[in-house]
Amino acid sequence: MDQAAGSAQDARRVPVCYRHPDRETGVRCTRCERPICPECMVSASVGFQCPECVRAGSGTGHAPAASRPRTMAGGTVTADPRLITKILIGINLAMFLVQQSLGDHFTQRFELIGQAYVPGLDEVQGIADGQYYRLLTAMFLHGGIAHILFNMLSLWWIGGPLEAALGRARYIALYFVSGLAGSALSYLIAAPNQPSLGASGAIFGLFGATAVLMRRLNYDLRPLVALLVINLVITFTPAMGIAWEAHIGGLAAGVVTGYAMVHAPRRRRALVQYGTCALVLLVAVVLVLVRTGQLT
């Protein structure tokens, strides 16, 4: 008789908060249905949720990332929108210090060169001999203080705002795709014994993407066009000795990739953006293979 009465009393007992067992409550989390007290209640679109469910999701059944603010290209908005630009500048400056410390021997081993006998290394060197890493390493080497200062100032002025607009992942993809495309075109067209180096190919890619972005936002393009024209005039001035092939290759890749980044349809945005990056890289690979075939 006493056992039956106890069971009936337990059935009528008010639930207690799962986080505060000493507090009775009649409210349950609308997601996990665990009882929660007023201190643990978090208002949701329907009813209340417990703190753990709020931390695990947005409250709408989507993952937390689904409710994060996004850039116009679909990237995640971050606390420091220029972080990657700062890192790239830091890498370039660090490599320049290494160049100054180790001398020409280091630079000759990692600059872009198709195929040539290098006196400092006492042997034939170049991409055609399988040193494909030069396509990448040349992007982080510079020929002097004026060269690196001009490139790093351009990277800061152009790259910072572009990184904020695209997001980190897309910005990194754009930078390296443009730089490698510039290296590939330089390898294809330039004389095999003509060395080249510098971040200019990647930076010209950022110029091209910035022009596409400004066009998309209906900004006045005249200041950017004027700056680009000045850079192109300098590029094609024979006395400057600049590898124009890398500039043009980077610029073309930047325009194409930037257009995909900015104009990709929302539903297939990532596919279009990164698919375009892959396509541009594929073209660069084909150019490299064609030139290698010519030189071997």
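Note that the coordinates shown come from a computational prediction; the quantities given were computed from them, not determined experimentally.

Draft legend 1. Representation of the environment of Val272 within the structure. Tracing the chain through its elements places Val272 in helix α11 (residues 269-295). With 15 residues separating them in the primary sequence, Val272 and Thr257 have C-alpha atoms 9.7 Å apart. Apart from the residues lying within four places of it in its own chain, the contact partners of Val272 are Ala260, Ala264 and Pro265.

Draft legend 2. Summary view of the layout of surface pockets. The space that makes up the largest pocket amounts to roughly 590 Å³. Residue lining of the largest pocket: 30 residues in total, with His147, Leu197, Ser200, Ile242 and His247 positioned closest to the centre. Those elements that place two or more of their residues in the lining of the largest pocket are α6 (145-166), α7 (168-189), α8 (200-216), α9 (222-235) and α10 (244-263). The biggest single contributor to the lining of the largest pocket is α6, with five residues. Class assignment of the residues belonging to the lining of the largest pocket gives a composition of 14 nonpolar, 16 polar and no charged. For the second largest pocket, the calculated volume is near 260 Å³. Lining of the second largest pocket is provided by 16 residues; of these, Trp157, Ile158, Pro161, Thr210 and Met214 occupy positions nearest its centre. Grouping the amino acids of the lining of the second largest pocket by side-chain chemistry returns 13 nonpolar, three polar and no charged.

Draft legend 3. Main features of the side chain of Asn92. As for its position among the elements, Asn92 is in helix α3 (residues 83-102). Since its relative accessible area comes to 0%, Asn92 is described here as buried. Polar contacts involving the side chain of Asn92 include one to the main-chain carbonyl oxygen of Leu88, which spans 2.8 Å. Every residue in contact with Asn92, bar those within four places of it in the chain, is listed here: Met139, Phe140, His142, Ile148, Met152, Tyr175 and Ala199.

Draft legend 4. Layout of the nonpolar core. Counting residues in each nonpolar core, the largest one holds 38 residues, and the members touching the most others are Leu88, Leu155, Leu162, Tyr171, Tyr175 and Leu206. Not counting chain neighbours up to four residues away, the residues in contact with Tyr171 comprise Ile84, Thr85, Leu88, Leu155, Gly159, Leu162, Glu163, Leu166 and Leu206. If you look at the next biggest cluster of nonpolar residues, it comprises 10 residues, including Leu112, Leu135, Ala284 and Val288.

Draft legend 5. A look at α3. Its 20 residues place the ends of α3 29 Å apart at the C-alpha level, agreeing with the 28 Å of an ideal helix rising 1.5 Å per residue. For α3, the set of buried residues is Ile84, Thr85, Leu88, Ile89, Asn92, Phe96 and Gln99. Buried residues of α3 fall within an arc of 140 degrees about the axis and therefore sit on the same side. For α3, the exposed residues lying more than 90 degrees away from the buried face are Leu97, Ser101 and Leu102. A positive phi of about 85 degrees marks Gly103, the residue just after α3.

Draft legend 6. View of the pattern of salt bridges. Counted under the stated rule, the structure contains three salt bridges. Between Asp80 and Lys86 there is a salt bridge whose closest N-O contact spans 3.2 Å. Given the relative accessible area of 25%, Asp80 is considered partly exposed.

Draft legend 7. Summary view of the state of the cysteines. In the structure shown here, the tally under the stated rule is zero disulfides. No disulfide involves Cys29; its nearest neighbouring cysteine sulfur is the one of Cys32, lying 3.7 Å away. With a relative accessible area of 2%, Cys29 lands in the buried category. Cys53 forms no disulfide, and the closest cysteine sulfur to it belongs to Cys50, at a distance of 3.5 Å.

Draft legend 8. Representation of the environment of Ala284 within the structure. Take Ala284: it is sitting in helix α11. Here Ala284 falls in the buried class, since its relative accessible area comes to 8%. Dropping the residues within four chain positions of it, Ala284 is found in contact with Leu180, Ala181 and Ala184.

Draft legend 9. Quick peek at the packing of α6 against α7. Direction vectors running N to C along α6 and α7 enclose 135 degrees, while the axes themselves pass 7 Å from each other. Classed by the angle they form, the pair α6 and α7 counts as oblique. At the point where α6 passes α7, the crossing takes the right-handed sense. Facing Leu155, Gly159, Leu162, Glu163 and Leu166 of α6, the residues of α7 in contact are Arg168, Arg170, Tyr171, Leu174 and Tyr175.

Draft legend 10. Just the packing of α7 against α11, in detail. Between α7 and α11, the least distance of the axes is 9 Å, while the angle of their chain directions is 20 degrees. As summarised for this structure, α7 and α11 are arranged roughly parallel, according to the angle between their axes. The handedness of the crossing between α7 and α11 comes out as left-handed. A per-class count over the contact of α7 with α11 returns 18 nonpolar, two polar and two charged.

What counts as what
- Residues numbered from 1 in each chain as written.
- Predicted model: local features only at pLDDT ≥ 70, side-chain atom pairs only at ≥ 80, totals over all residues.
- Heavy atoms only, no water.
- Helix = DSSP H or I, 4+ residues; strand = E, 2+ residues; numbered from the N terminus.
- Contact = heavy atoms within 4.5 Å.
- 1 Å grid on protein atoms, 1.4 Å probe; cavity = no way out; pocket = protein on both sides within 12 Å on 5 of 7 lines; lining within 4 Å.
- Points joined across faces, edges and corners; volume = space filled by probe spheres on them.
- Nonpolar A, V, L, I, M, F, W, Y, C, P; charged D, E, K, R; others polar.
- Buried < 20%, exposed > 50% of the residue type's maximum accessible area, 1.4 Å probe, protein only.
- Polar contact = N/O pair within 3.5 Å; in protein donor to acceptor, adjacent residues only side chain to side chain.
- Core = buried A, V, L, I, M, F, W, Y, C linked by side-chain atoms within 4.5 Å.
- Expected span 1.5 Å × (residues − 1).
- Arc of directions from axis to C-beta.
- Salt bridge = Lys/Arg side-chain N within 4 Å of Asp/Glu carboxyl O.
- Disulfide = S-S within 2.5 Å.
- Axes fitted to C-alpha atoms, helices over the stretch in contact; angles between N-to-C directions.
- Parallel < 35°, antiparallel > 145°, perpendicular 65-115°, else oblique.
- Left-handed = near helix turned anticlockwise from the far one by under 90°.

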